[in-house]
Amino acid sequence: MDRIIIRGGQRLAGSIAISGAKNAALTLLPCALLTDEPLTLRNLPRLADVDSFGHLLNELGISTLVAGARGHDFGRVLTMRAESLSSTVAPYDIVRKMRASILVLGPMLARAGQATVSLPGGCAIGNRPIDLHLKALEALGAEIELTAGYVKATAPKGGLVGGTIVFPMVSVGATENALMAAVLAKGETVIENAAREPEITDLARCLVAMGAKIEGIGTERLLIQGRDRLHGATYSVMPDRIEAGSYACAAAITGGDILLEGADAEDMSAILIGLRDAGCAVTVEDKGIRVRADGPLQPLTLSTAPFPGFPTDMQAQFMSMLALADGASVLTETIFENRYMHVPELARMGADIQVRGRTAVVRGVDHLIGAEVMATDLRASMSLVIAGLAARGETQVHRVYHLDRGYERLEVKLQGVGADIERESDG
């Protein structure tokens, strides 16, 4: 098993190319199920989760052809084609590795009239039930049966029919599944209280490129006119706002100056406001976003919220950055109930953090100390890397397979801006 070794104290400076968004890519991949023509995705990140999703699509009968991203290059081009589906069952062995696998449920049901998908189970950062996914599909006429750890969905004879879906709470995954199912449903579908994350906007734009008719893109009310079929398309995955925000925190904690090449400021407004409030200079340039930290970091009061609020996927990284701020910060996690598992590991590095329920008080310290730490989930692992970049001495981050799920060639990108970081194998 690999580990990341960091010798901290280096000021980071230079440019980092921002990869295609993990969360967008995992939403765009199942779109291939909606057509028998080729769907080509450009700027696809090289990530473990993307590879796992590709294996699932192969299991369902989708052919995949990958080009690009050799050596130290980033981004791939993937062409998928589902001329016919050889299976409508997403087995437990694959789904258990990646919760995003549930996103094949809606498009497979819409295309084939049936879908059987393993329940994804629990998650390290808290429970993420799929009841809203199932209720949305039922609103389109599907019959749902839960049996032996699987969801079995069946469309009515003649296919799914348009309907009105009203989400009682914002759900990114349920909105995505509902949207992909609705584009092939007969008639009109209205989705109320839809999630507005940029990744959903990216999904909607890809579906439009495939021939779908969707109004209200980027708003909480989506109106979809169902089509008999969709056609193939070529589409580029949006830049990863969470990766960009993570490297911005790395620049901030090291007193650095980094250009985040390709980052989209419009998708990152809450993150950029937080960085500015913490004392960073943030400028939008032709090639991306520049983040510079010249003076002491300032404490913040932050609360996570659905887009356009502050993203839960940036909470851990900001916590690491604020561990060296000049004062006490208050962070409140409203999305997931168990997303402070990185706190004990940061404490091993000298951070002063107290957690009460969903609120964490981070009192800035003079310095952090390198230590051996254990990653517990994807964003927690990045928070430990960020802390290690500023810590005195050597930090070893174990269980970096979490990092490989969401950060493309992280050590290579950080080496390029001056970090003393390397990957080693425990074996």
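As the structure is a prediction and not an experimental result, all values here were calculated from the model.

For the rest of this paragraph, the subject is the packing of aromatic side chains. Across all of its chains, the model carries one aromatic pair by this definition. When the centroid spacing of 4.9 Å and the interplanar angle of 80 degrees are considered together, the rings of Phe-310 and Phe-318 count as edge-to-face.

On to the state of the cysteines, then. If you walk through the whole model with that rule in mind, you get zero disulfides. No disulfide involves Cys-31; its sulfur sits 4.6 Å from that of Cys-206, the nearest cysteine. When its relative accessible area of 0% is taken as the criterion, Cys-206 is described as buried.

As paired strands, strand β15 (residues 257-261) and strand β17 (residues 288-292) are joined by five bridges and run antiparallel to one another. Among the inter-strand pairings, Ile-258 is bridged to a residue of β17, identified as Val-291. Judged from the five bridges that link them, strand β16 (residues 281-285) and β17 form a sheet pairing that is antiparallel. Across the sheet, residue Val-284 finds its bridge partner in β17, namely Ile-289. The antiparallel pairing of β16 with β17 creates a hairpin that spans two residues between the two strands.

The next subject is the side chain of Glu-199. By the secondary structure assignment, Glu-199 is in helix α7 (residues 198-209). Glu-199 sits in the buried class, given a relative accessible area of 4%.

The rules behind each value
- Residues numbered from 1 in each chain as written.
- Predicted model: local features only at pLDDT ≥ 70, side-chain atom pairs only at ≥ 80, totals over all residues.
- Heavy atoms only, no water.
- Phe/Tyr/Trp six-rings, centres within 6.5 Å; stacked < 30°, edge-to-face > 60°.
- Disulfide = S-S within 2.5 Å.
- Buried < 20%, exposed > 50% of the residue type's maximum accessible area, 1.4 Å probe, protein only.
- Pairing = 2+ DSSP bridges.
- Helix = DSSP H or I, 4+ residues; strand = E, 2+ residues; numbered from the N terminus.

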